[in-house]
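Reading the structure
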Amino acid sequence: MIRDIIDEKIKSILLEEGFDYSYNIEIPDERFGDFSTNVALIGAKYFRKPPLEIAKIFVAKLESDPLFLEVNIAGPGFINFRISKAFYISILEEMLKKGANYWRPKPKQLKVQLEYGSANPTGPFTVGHGRQLVIGDVLGNVLEFLGYDVEKEMYLNDAGRQIRLLARSLWVRYNELFGKEYDLPEDGYKGTYLMDIARSLSEREGNKFVDKWDEKVEKFFMKEAVSSILDNMEGTLSKIGCKFDSKIRESFVIEKGYVDRVLEIFKVKNLVYEKDNALWFKVSKFLNEDDKVLIRSDGTYTYFLTDIAYHLYKFEREYNKVYDIFGSDHHGHIPRMKAAMSALDISNEFLNFILHQFVTLKRGKEVVKMSTRAGNFVTLEELLDEAGKDATRYFFVMNDVNTHLVFDLELAKSKTNENPVYYVQYAYARINSIFEKASEKGIKGDYLDNIELLENPEEMSIIKLLDEFVNSLKQVEEKLSPHFLTNYIYLVSEKFHSYYSKYKIVDETNISLSLARLGLLSVIKNVYEIVFNLLGVKAPERM
């Protein structure tokens, strides 16, 4: 990667001068150069010299390097670099020879787990769940490409208070089918999906449970509700293209004794106490925060307790790091979970959190309101049916995870260049059509034998951008947000469309130049295929 080579050369000079400090290497406006660094500006306090004098030291040592066509000083002390054509061609040659391995680093020997899409199985996946599912899926794909040993996991809260409310809500809907009226629980579920489950139950079981409610009936309705909703979830996961290595149920964690083990550890360490008939964890011993309930006065476990137990189970599976992906409303859960990990003598670096902002669904000028319990919400499956898998996945990751996403349905469905996923897929399809045209015209040969003929600035700029693919992947890795990937492939599309409109790629009167340009396009095509695979969207041959 060119950026890394420049970095090595700068560090070597710093070492010669007896210094070691951080600086940036950026891509400036192309009028000024291919790359730029602020090493001289940052170095003023180390060298104890003006930045311009420091910059001259670097220029004197670098200007004769064959990597560079030109090294110059700009403004108060920025150093700008123009890369030589010969080096760009050598980079393109490597890309053609190595294929995807050019951008793929060595395995990292690090085992990481991503937990996302975790939900109470109390209703279909919502649009909000959808963003989290795709963020987690794409992050996992990128980390795996970068050499991590990645496991994707979903946690299903199938044993808490919400499941009991769900069971009662389903029972009420079931009785309605037989003309019996019961009030829904105050915090119950009103979604129409429960009517579908109730109808199926009534057809199979008849009036067996009409006017009958006890512990045994409750367990039956809990099981039926969860089973039906999980089946629906599986169908949606398949439709959106999200696959998990494992799905862990809250009930499994309880049955395997992890809750009991956590409670025993906390009791031995004197980290729990009873108050108001409930059991509390001493969060305040670790943080400036109130203590939290682990077991309610009615004897039921809180989500906090079972989540601690679940993470003890994660720790025993020997991951180097785990990442929990939550909506931003879970921010309060983070410090108390960190406190719990400390109480279990688990390293602070083990558990990490990625919080994403929420989704607003917009249809035309209308904002669609969503509430799971009220029942007036758009399901993820409905969104997929309307917008399609590719647009849905692309839109969910095209914004920084830390920013709110307005999902514009009309834009997502449009077949115009205003739609970013259409724009990038169309660029790929156009490249395919160029290769078909070349084949029809009988233009064949070795790309490597001809790439020396590439010489215009646009071609060098494209090679630089292809080389920068590594940097976009590193940004995803460091910032844990997939939007760097969509930003990158959109920029590639802009460069390609501009290049295509300015230059003739397939020219029967100049076969050698055609082969050179087809070689460049074959690398662009390769990058598209890698990115589309990471994003989980189609690479369409035609559009």
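Just so you know, the residues in each chain are numbered from 1, in the order the chain's sequence is written. Only residues with pLDDT of 70 or above have their local features reported here, since the model is predicted, and side-chain atom pairs are shown and tallied only from 80 upward, although totals for entire chains, interfaces and linings are computed over all residues. Calculated side-chain values reflect all of the structure's heavy atoms, with hydrogen atoms and water omitted.

Re the sheet that holds strand β2 (residues 35-37)
Filter applied, for reference: We treat two strands as partners when DSSP finds at least two bridges between them. Numbered from the N terminus, helices here are DSSP runs of H or I no shorter than four residues, and strands are runs of E no shorter than two.
The antiparallel open sheet is built from 4 strands, whose spatial order is β1-β2-β4-β3. Both edges of this open sheet fall to β1 (25-26) and β3 (68-74), since each of them pairs with a single strand only. Of the strand pairs in this sheet, β1 and β2 are connected by 2 bridges, and their pairing is antiparallel. Within the sheet, the bridge partner assigned to Ile-25 lies in β2 and is Thr-37.

Some words on the nonpolar core
Here is the rule we go by: Take the buried Ala, Val, Leu, Ile, Met, Phe, Trp, Tyr and Cys residues and link them wherever side-chain atoms come within 4.5 Å; each set so joined is a nonpolar core. The classification of residues rests on relative accessible area computed with a 1.4 Å probe and restricted to protein chains. Under 20% of the type maximum is buried, over 50% is exposed, and intermediate values are partly exposed.
Core analysis: the biggest nonpolar cluster contains 147 residues, and Ile-6, Phe-58, Trp-103, Phe-407, Leu-485 and Tyr-528 have the highest contact counts within it. Among the elements that make up this core, the one with the highest residue count is helix α20 (residues 511-535) (14 residues). One finds Val-262, Val-272, Phe-281 and Leu-351 within the second-largest nonpolar core, a separate group that totals 36 residues.

Structural notes on the pairing of strand β7 (residues 246-249)
Of the two faces of β7, the one holding Ser-246 and Ile-248 is buried and the one holding Lys-247 and Arg-249 is not buried anywhere. In this sheet, β7 lies alongside strand β6 (residues 149-156) in parallel orientation, the contact comprising 4 bridges. Note on β7: the bridge partner recorded for Tyr-155 is Ile-248.

Some points on the packing of helix α1 (residues 2-17) against helix α3 (residues 51-62)
For the record, the criterion: Helix axes are fitted only over the stretch in contact, all axes being lines through C-alpha atoms; the angle between N-to-C directions runs from 0 to 180 degrees. Note on convention: the crossing is left-handed when the near helix lies turned anticlockwise from the far helix by less than a right angle, right-handed when the turn is clockwise. The contact definition used throughout considers only heavy atoms, calling two residues in contact when any of these lie within 4.5 Å. All residues other than Ala, Val, Leu, Ile, Met, Phe, Trp, Tyr, Cys, Pro, Asp, Glu, Lys and Arg, Gly among them, are scored as polar; the first ten of these are nonpolar and the last four charged.
Across the interface, α1 lies against α3 with an axial gap of 11 Å and an inter-helix angle of 115°. Seen along the crossing, α1 lies across α3 with a hand that is right-handed. In this structure, α1 uses Lys-9, Ile-10, Ile-13, Leu-14, Glu-16 and Glu-17 to contact α3, whose residues at the interface are Ile-57, Phe-58, Lys-61 and Leu-62. Looking at the contact of α1 with α3, its residues break down into 6 nonpolar, no polar and 4 charged.

Points about the packing of aromatic side chains
This is how it is decided: Between rings of Phe, Tyr and Trp, where Trp is taken as its six-membered ring, a pair exists when centres lie within 6.5 Å; planes separated by under 30 degrees are stacked, by over 60 edge-to-face, and by other angles tilted.
Enumeration according to the criterion identifies 34 aromatic pairs in this entry. Centroid distance Phe-266 to Phe-281: 4.6 Å. Interplanar angle 15°. Geometry classified as stacked. Residue Phe-266 is found in helix α10 (residues 258-268), and its partner Phe-281 is found in strand β9 (residues 278-281); the two are separated by 15 residues along the sequence. Phe-266 sits in the buried class, given a relative accessible area of 0%.

Observations regarding the sheet that holds β7
In spatial order, the strands read β7-β6-β5-β11-β12; together these 5 strands make up an open sheet with parallel pairing. Each having just a single partner strand, β7 and β12 (351-356) make up the two edges of the open sheet. Strand-to-strand twist of the sheet, defined as the mean angle between neighbouring strand axes without regard to direction, takes the value 25°. Where strand β5 (residues 111-115) lies against strand β11 (residues 321-327), 4 bridges are found, and the strand directions are parallel. Within the sheet, the bridge partner assigned to Gln-113 lies in β11 and is Val-322. In the packing of helix α8 (residues 215-240) onto the sheet, the strands contacted are β6 and β7, and the crossing angle to β7 comes to about 160°.

Everything listed here is a matter of coordinates, which is why it stays silent on function.
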